[in-house]
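Residues per chain, in single letters:
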Amino acid sequence: MKKLLYVIASLAIVAGAYVWSFGVPSATLPGAESGGAMGQVQGGPPGAGGPPGGFPGRGATTVVLTALDMQPFEDTFRAIGTSEAIQSSTVTADVSGRIVMLNLAPNSRVTQGDILVQLDARSATLSLDTAQRELEQASSTVERYERLQQAGSQTVTDVTLSDARLAQSVAQAAVAQAELTLEDLTIRAPISGKIGLSDVNVGDLLIANTAITTIDNSSALLVEFELPERSVSFLAIGRKVALETPSLTGRIFEGEITSFDSRISDVSRSVTVQARVENPDETLWPGMTFTARLSNLSDPLLVVPTTAITWSRDGASIWFEDEGQAKSVPVTILHRRDENVWLDADLPEGTMVITEGAHKLRTGAAITDANAMQQRVQEPT
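Residues numbered from 1 in each chain as written. Predicted model: local features only at pLDDT ≥ 70, side-chain atom pairs only at ≥ 80, totals over all residues. Heavy atoms only, no water.

**Q** I tried to follow the overall build of the protein on my own but got confused; where do I start?
**A** Counting secondary structure elements, the protein contains four helices and 21 strands. Within the protein, the proportion of its 381 residues that are buried is 31%. In the protein, the share of contacts with a sequence separation of at least 24, taken over all contacts with a separation of at least 6, comes to 72%. When the accessible surface of the protein is summed, it comes to about 23700 Å², and 53% of that surface belongs to carbon and sulfur atoms. (Helix = DSSP H or I, 4+ residues; strand = E, 2+ residues; numbered from the N terminus. Buried < 20%, exposed > 50% of the residue type's maximum accessible area, 1.4 Å probe, protein only. Contact = heavy atoms within 4.5 Å. Areas by Shrake-Rupley, 256 points an atom, 1.4 Å probe, with all protein chains shown as cover.)

**Q** Which parts of the structure should I look at to understand the pattern of salt bridges?
**A** Side-chain pairs of opposite charge can arise whenever the charged atoms involved come near each other. The tally for this structure, following the rule as stated, stands at 11 salt bridges. Here Asp75 makes a salt bridge to Arg230, at a shortest N to O gap of 3.4 Å. You can see Asp75 sitting in strand β3 (residues 74-92) and its partner Arg230 sitting in the loop between β10 (211-228) and β11 (240-244), a full 155 residues away along the chain. Take Asp75: its relative accessible area is 10%, and that puts it in the buried class. Lys194 is the salt-bridge partner of Glu282, the closest N and O atoms lying 3.2 Å from each other. (Salt bridge = Lys/Arg side-chain N within 4 Å of Asp/Glu carboxyl O.)

**Q** I'm lost on the environment of Asp369 in this one. Help?
**A** By the secondary structure assignment, Asp369 is in strand β21 (residues 367-369). Sequence spacing of Asp369 and Thr66 is 303 residues, and the spatial spacing of their C-alpha atoms is 9.4 Å. The residues contacting Asp369, other than those within four sequence positions of it, are Val63, Val64 and Leu65. Separated by 3.4 Å, the side chain of Asp369 and the backbone nitrogen of Leu65 make a polar contact. (Polar contact = N/O pair within 3.5 Å; in protein donor to acceptor, adjacent residues only side chain to side chain.)

**Q** Help me out: how do you make sense of the nonpolar core in this one?
**A** Taken as a class, soluble globular proteins show a tendency for nonpolar side chains to be buried jointly. By size, the foremost hydrophobic cluster in this structure holds 21 residues, and its most contacted members are Phe225, Leu227, Val241 and Leu243. Secondary-structure elements contributing two or more residues to this core are β3, β10, β11, β12 (253-260), β13 (270-278) and β14 (289-297). Every residue in contact with Leu227, bar those within four places of it in the chain, is listed here: Phe77, Ala79, Leu235, Ser270, Val271, Val273 and Leu294. (Core = buried A, V, L, I, M, F, W, Y, C linked by side-chain atoms within 4.5 Å.)

**Q** Explain the side chain of Thr351 here, please?
**A** Mapping Thr351 onto the fold places it in the loop between β19 (340-345) and β20 (352-356). In contact with Thr351, other than residues within four places in its own chain, are Thr66, Ala67, Leu68 and Phe320.

**Q** I tried to follow a nonpolar patch on the surface on my own but got confused; where do I start?
**A** A cluster of nonpolar residues, Val100, Met101 and Ile115, forms a patch on the protein surface that exposes about 210 Å² of accessible area. Note on placement: Ile115 falls in strand β6 (residues 115-119). On the basis of relative accessibility, which here comes to 30%, the residue Ile115 falls in the partly exposed class. (Patch = residues over 30% accessible without salt bridge, like charges linked within 9 Å, V, L, I, M, F, W, Y side chains within 5 Å.)

**Q** Help me out: how do you make sense of the pairing of β11 in this one?
**A** Strand residues, when the strand is regular, have side chains that alternate between the two faces of the sheet. Where β11 meets β12, four bridges bridge the pair, whose relative direction is antiparallel. Counterpart to Lys240 in the pairing with β12 is Glu256. Across three bridges, β11 lies against β14 in antiparallel orientation. Paired with Leu243 across the bridge in β14 is Ala292. (Pairing = 2+ DSSP bridges.)

What follows is the structure, encoded as structure tokens:
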């Protein structure tokens, strides 16, 4: 008896759920042919018997459809780099000597050839005077021998004249060497630019090859940074690069690529790039840290929400609506960003793509757009 009660209760629950979900099915009762009042079972929900204004397509799968759009994809690479002056030089002395004069005011501007340091040149000056006197004497001897030989004197032989000319050449070399030594005691600016700090003073004994100061020509800067391997197809001489520095927050400087390495680093799997940024007012300093941003905008590509992508053993695909039926097409994913996917697919722009509910579809299944149904419900009757 209990089993029978359980069966009856189960059937009642199923029947109740059916009536709750789909309403009471219409039935033709006696008198229906004559249009009697009892010809239609009452109490079912609107549309249960298929009257106008009801919900179409009972048994169709409800999905969300979105029109297939085309947008370009902006691929952006960011890297941290350090700047250096377009020209930079470390000033050193070629010879040793005592400093007698300095022109090394920090941050002052100098022009190429300006005197920066003068070393004690007294000994070198005396050596040059001695060499010049010896050259004068040797030159006078050569002239005298040449006159005697032209006059027919037998005392001056060709050998004697040759020795005199050799002595004259040696004296000329000595003068040139003395002049070079004297010139090395005057240290000049190798380039035009701004002087850095220096710790030398008048009276110091300067040793040869000792660094004295630095000079930077900052009218333009070179920013060097590393980009990942996949950026190599975007690299080109003259390509624009956006540069930002934390020293000047909110400002963006435009640079352009001037050079890049010819190989990928086997350690970092990146390529070294240099970009030049003009700096006529010297707002930017050598050594500043920069964030370099290189962007590339592709041609318009098909784009869909990530929820439109379905996966199978054959790869990625998307479902679309074709005359009220669901169909799928394989796609190749090109880019991802946030909630969107850019892809390559054999579909025209504007195709209605299923973005929600695709996981329960089969090819050829009838589908209904949830958005269209919602609009129909909201329309006044």
